[in-house]
2 protein chains.
Amino acid sequence: MLRISKMTDYATVILAHLAGDEPVRRTAVALAELTGIGLATTSKVLKELQRAGLVASTRGAHGGYALARPAAAISAADIIDAVEGPVGLTECATHPGQCDLESSCRVGRSWQRVNVAIHRALADVKLTQLTGRDGAAMPVPDLTILLGARPGVRVRA
Amino acid sequence: MLRISKMTDYATVILAHLAGDEPVRRTAVALAELTGIGLATTSKVLKELQRAGLVASTRGAHGGYALARPAAAISAADIIDAVEGPVGLTECATHPGQCDLESSCRVGRSWQRVNVAIHRALADVKLTQLTGRDGAAMPVPDLTILLGARPGVRVRA
DNA sequence: TGATACAGTACCATTTTAGTCCTATTAGAC
DNA sequence: GTCTAATAGGACTAAAATGGTACTGTATCA
């Protein structure tokens, strides 16, 4: 079921190698070697992460990539959004009004709420946790799915 | 990000039309007309749902499909699993040991936990809720993501 | 000014997805 | 019995997404 793309997985691995205890700057070549991912692919992923503002790049000699903000401030949702773009769980989530069935459907809205809930949960999962360098006790993200809540009502702050 | 396939969406719509107040049996043709989904596609989806045990089929004259169990006992996770198969969030979730990066990775496990957590959350979302015929107050699924919990520890019963 | 490294984008191969069609097989009605 | 209504199970195709590569340009530093 529900899967993230290989690219997102790569992105996580790459980001993990940039998430040292203090900020590190590494070149695409170095990261490719560290991770075992092909250089071209590594490069592509890094560019996407840069565009999304998750990493900061420096050009020229002694250039490279570094996290744009602390690992604790980068979430799983950030990574997914950066690499896969803002694709919704269903068609109508991203392009409302495009679906022929929309009138007779009634189901789409529900999936959208599920979508939002999952997204919110993923926003609570930080890079530090994904890399496992966060110690054993984690701030457990408490996701409360919105189904049934009235539209517009926020469950979490 | 994370999306369900169109087929899963169709499946939900179709199941919604089978989830009346009392058990209904409908033919593929009828469901195709009700939902506006092509007959061939409707048929295909129904067959998958049958194989997964979500609907029960009767052949021959006056045959058709009906829910195999109450709508309240069918979850979003059931539907996704039925239509999309047991695909994991990452490669290594479904086929451990296949990934070259697995040793240097350390990230895979985390995604798997996230995966499990999401799956569990979706298991708490019932067809009745997806169709919206469940009234306003919903048994709010409380998903607690497992990141950081020691392996093997179950957070929910 | 040359070497290093990122930026952008176009491109291709492969896989997945969506959708169709055809041939059984089963069950009821006459 | 046999005709008809229905599902079962595939095989198959077209289109789109994905994963991966290559090429050309631009910025930075020594």
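Quantities reported herein were computed from a predicted structural model and do not represent experimental measurements.

Caption draft 1: How the structure looks around the overall build of chain A. Counting secondary structure elements, chain A contains 8 helices and 3 strands. Across chain A, helices and strands are ordered from the amino to the carboxyl terminus as α-α-α-β-β-α-α-α-α-α-β. Counting across all 157 residues of chain A, residues that qualify as buried make up 41%. Here the analysis covers contacts within chain A between residues at least 6 apart in sequence; of these, 59% occur between residues at least 24 apart.

Caption draft 2: Highlighting the protein's contact with DNA strand D. Ser5(A), Lys6(A), Gly38(A), Gly60(A) and Ser57(B) are the nearest of the 24 residues found near DNA strand D. Broken down by element, the residue count for the surface near DNA strand D peaks at 4 residues, all from helix H3 (residues 39-51) of chain B. For the surface near DNA strand D, the class distribution of residues is 7 nonpolar, 11 polar and 6 charged.

Caption draft 3: Quick peek at helix H4 (residues 76-84) of chain A. Within the span of H4(A), buried status applies to Ala76(A), Asp78(A), Ile79(A), Ile80(A), Ala82(A) and Val83(A). Backbone geometry just after H4(A) places Gly85(A) at a positive phi near 75 degrees.

Caption draft 4: Up close: helix H2 (residues 28-35) of chain A. All names here are of chain A. Turning to H2, its buried residues number three or more, namely Ala28, Leu31 and Ala32. The buried residues of H2 occupy an angular sector of 100 degrees when the element is viewed end-on, so they sit on one face. Looking at the packing, one finds that the buried side of H2 touches helix H1 (6-18), helix H3 (39-51) and strand S2 (64-67). In the segment just after H2, glycine 36 is the residue with positive phi, at about 85 degrees.

Caption draft 5: View of the confidence of the model for chain A. Residue and element names in this part refer to chain A. With 67% of its residues at a pLDDT of at least 70, chain A reaches an overall mean of 75. Within chain A, no element has a lower average pLDDT than strand S3 (residues 142-144), which sits at 35, and none a higher one than H3, at 97. Scored below 50 in pLDDT, residues 135-157 shows 45 contacts in the model against residues more than four places distant or in partner chains.

Caption draft 6: Up close: the nonpolar core. Membership of the largest hydrophobic core comes to 72 residues, with the highest contact counts inside it found for Ala11(A), Ile14(A), Leu15(A), Ala11(B), Ile14(B) and Leu15(B). Beyond its immediate chain neighbours, meaning those up to four positions away, Ala11(A) contacts Val45(A), Leu49(A), Ile79(A), Ala82(A) and Val83(A).

Caption draft 7: The pairing of strand S2 (residues 64-67) of chain B, seen in detail. All names here are of chain B. Where strand S1 (residues 55-58) and S2 come together, 4 bridges link them in antiparallel fashion. Bridging across to S2, threonine 58 finds its partner in glycine 64. Hairpin remark: S1 followed by S2, antiparallel, with 5 residues in the connecting loop; positive phi at glycine 60, about 75 degrees.

Caption draft 8: Quick look at the protein's contact with DNA strand C. Looking at DNA strand C, there are 24 residues lining it, with Ser57(A), Ser5(B), Lys6(B), Gly38(B) and Gly60(B) nearest. For the surface near DNA strand C, the leading source of residues is H3(A), giving 4 residues. Grouping the constituent residues of the surface near DNA strand C by class yields 6 nonpolar, 11 polar and 7 charged.

Caption draft 9: Expanded view of the packing of H2(A) against H3(A). Residues and elements named next belong to chain A. Between H2 and H3, the shortest axis-to-axis distance is 9 Å and the interhelical angle comes to 115 degrees. For the crossing formed where H2 meets H3, the hand is right-handed. Residues Ala28, Val29, Leu31, Ala32 and Thr35 of H2 pack against Leu39, Thr42, Ser43 and Leu46 of H3. Taken together, the residues of the contact of H2 with H3 sort by class into 6 nonpolar, 3 polar and no charged.

Caption draft 10: Fine view of the environment of Glu84(B). All names here are of chain B. Summarising the element assignment, glutamate 84 is placed in helix H4 (residues 76-84). C-beta crowding within 10 Å serves as the criterion here: with 17 such atoms nearby, glutamate 84 is assigned to the partly exposed category. For the pair formed by glutamate 84 and histidine 17, sequence separation is 67 residues and the distance between their alpha carbons is 20 Å.

Caption draft 11: Highlighting unusual backbone geometry. We note that His62(A) has phi near 60 degrees; this positive angle belongs to a residue other than glycine. Note that His62(A) resides in the loop between strand S1 (55-58) and S2.

Thresholds, definitions, all that
Residues numbered from 1 in each chain as written. Chains lettered and ligands numbered in written order. Predicted model: local features only at pLDDT ≥ 70, side-chain atom pairs only at ≥ 80, totals over all residues. Helix = DSSP H or I, 4+ residues; strand = E, 2+ residues; numbered from the N terminus. Buried ≥ 20, exposed ≤ 12 C-beta atoms within 10 Å, placed from the backbone. Contact = placed C-beta atoms within 7 Å. Near = placed C-beta within 6 Å. Nonpolar A, V, L, I, M, F, W, Y, C, P; charged D, E, K, R; others polar. Arc of directions from axis to C-beta. pLDDT = per-residue confidence, 0-100. Core = buried A, V, L, I, M, F, W, Y, C linked by C-beta atoms within 7 Å. Pairing = 2+ DSSP bridges. Axes fitted to C-alpha atoms, helices over the stretch in contact; angles between N-to-C directions. Left-handed = near helix turned anticlockwise from the far one by under 90°.

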